Amino acid sequence: MTENQIPEEIWRLLHEHAVAAMKTAYAPYSNFPVGAAALVDDGRIVTGCNVENASYGVGLCAECGLVSDLARSGGGRLVAFKCVDGLEEAASPCGRCRQLLFEFGGNSLWVEMPEGRMTMDRVLPGGFGPSDLERVYVADAVEDLEYEEQN
């Protein structure tokens, strides 16, 4: 899907949903609320917000909540994604969240970044995903078969 195939109306709707999610964020430590919204390949919109914790390392980014909402509501592939900060402006997903988005949207996921809309292959060049695991698994299985045939 190209950027032009995602209507501006969808991007506005994602922005509205991301802002609504951001307003429910639990961010008492950083005071940096974040909301995220994404379009799923079946037309649903899923959302998430950041949830902090006094033990800083166990806080959850908005993207984690969004992916949880995706799984909870039936799964699917992410098509378009937007994340906003407390000023209701586009926010960049952190590195961990870029990997999470890649897992559920792949290279073709459109992401609205502060510098504009781009596909995930630009947001996370050389992303690591399920196909990498499968490639290694298949190679290992072939090696095991070859070993068994020789013995």
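Residues numbered from 1 in each chain as written. Predicted model: local features only at pLDDT ≥ 70, side-chain atom pairs only at ≥ 80, totals over all residues. Heavy atoms only, no water.

A few points about the overall build of the chain
Then step 1. When you go through the chain residue by residue, the secondary structure sums to five helices and five strands.
Then step 2. For the chain, the sequential pattern of α-helices and β-strands runs α-β-β-α-β-α-β-β-α-α.
Then step 3. The burial tally for the chain puts 39% of its 151 residues in the buried class.
Then step 4. Pairs at least 24 residues apart make up 58% of the contacts formed inside the chain by residues separated by at least 6 positions.
Then step 5. Accessible surface, the chain as shown: approximately 8,600 Å² in total, 54% of it carbon and sulfur. (Helix = DSSP H or I, 4+ residues; strand = E, 2+ residues; numbered from the N terminus. Buried < 20%, exposed > 50% of the residue type's maximum accessible area, 1.4 Å probe, protein only. Contact = heavy atoms within 4.5 Å. Areas by Shrake-Rupley, 256 points an atom, 1.4 Å probe, with all protein chains shown as cover.)

Some remarks on the nonpolar core
Then step 1. Core analysis: the biggest nonpolar cluster contains 22 residues, and Val46, Leu66, Leu78, Phe81, Leu109, Val111 and Met120 have the highest contact counts within it.
Then step 2. Those elements giving two or more residues to this core turn out to be β1 (35–40), α2 (62–72), β3 (78–84), α3 (95–105), β4 (110–113) and α4 (120–123).
Then step 3. With four residues, α2 is the single largest residue contributor to this core. (Core = buried A, V, L, I, M, F, W, Y, C linked by side-chain atoms within 4.5 Å.)

Observations concerning the side chain of Asn50
Then step 1. As for its placement among the helices and strands, Asn50 is situated in the loop between β2 (45–49) and α2.
Then step 2. Asn50 has contacts with Ala25, Tyr26, Ala27, Phe32, Pro33, Val34, Leu60, Cys61 and Ala62, leaving out every residue within four places of it along the chain.

Some words on the pairing of strand β5 (residues 116–119)
Then step 1. As paired strands, β4 and β5 are joined by four bridges and run antiparallel to one another. Note on β5: the bridge partner recorded for Val111 is Met118.
Then step 2. If you look at the hairpin formed by β4 and β5, you'll find two residues sitting between the two strands. (Pairing = 2+ DSSP bridges.)

Thoughts on unusual backbone geometry
Then step 1. The phi dihedral of Asn31 is positive, around 55 degrees, even though this residue is not glycine.
Then step 2. Here Asn31 shows up in the loop between α1 (8–22) and β1.
Then step 3. The phi dihedral of Glu88 is positive, around 65 degrees, even though this residue is not glycine.
Then step 4. Note on Glu88: relative accessible area 34%, which makes it partly exposed.

Structural notes on a nonpolar patch on the surface
Then step 1. A contiguous nonpolar surface patch, about 530 Å² in accessible area, is contributed by Tyr26, Tyr29, Val51, Tyr56 and Leu60.
Then step 2. Following the sequence through the fold, Tyr29 ends up in the loop between α1 and β1. (Patch = residues over 30% accessible without salt bridge, like charges linked within 9 Å, V, L, I, M, F, W, Y side chains within 5 Å. Salt bridge = Lys/Arg side-chain N within 4 Å of Asp/Glu carboxyl O.)

A closer look at the environment of Asp42
Then step 1. Along the chain, the position of Asp42 falls in the loop between β1 and β2.
Then step 2. Along the sequence, Asp42 and Leu78 sit 36 residues apart, while their C-alpha atoms lie 9.2 Å from each other.
Then step 3. A distance of 2.9 Å separates polar atoms of two side chains, one belonging to Asp42 and the other to Arg44. (Polar contact = N/O pair within 3.5 Å; in protein donor to acceptor, adjacent residues only side chain to side chain.)

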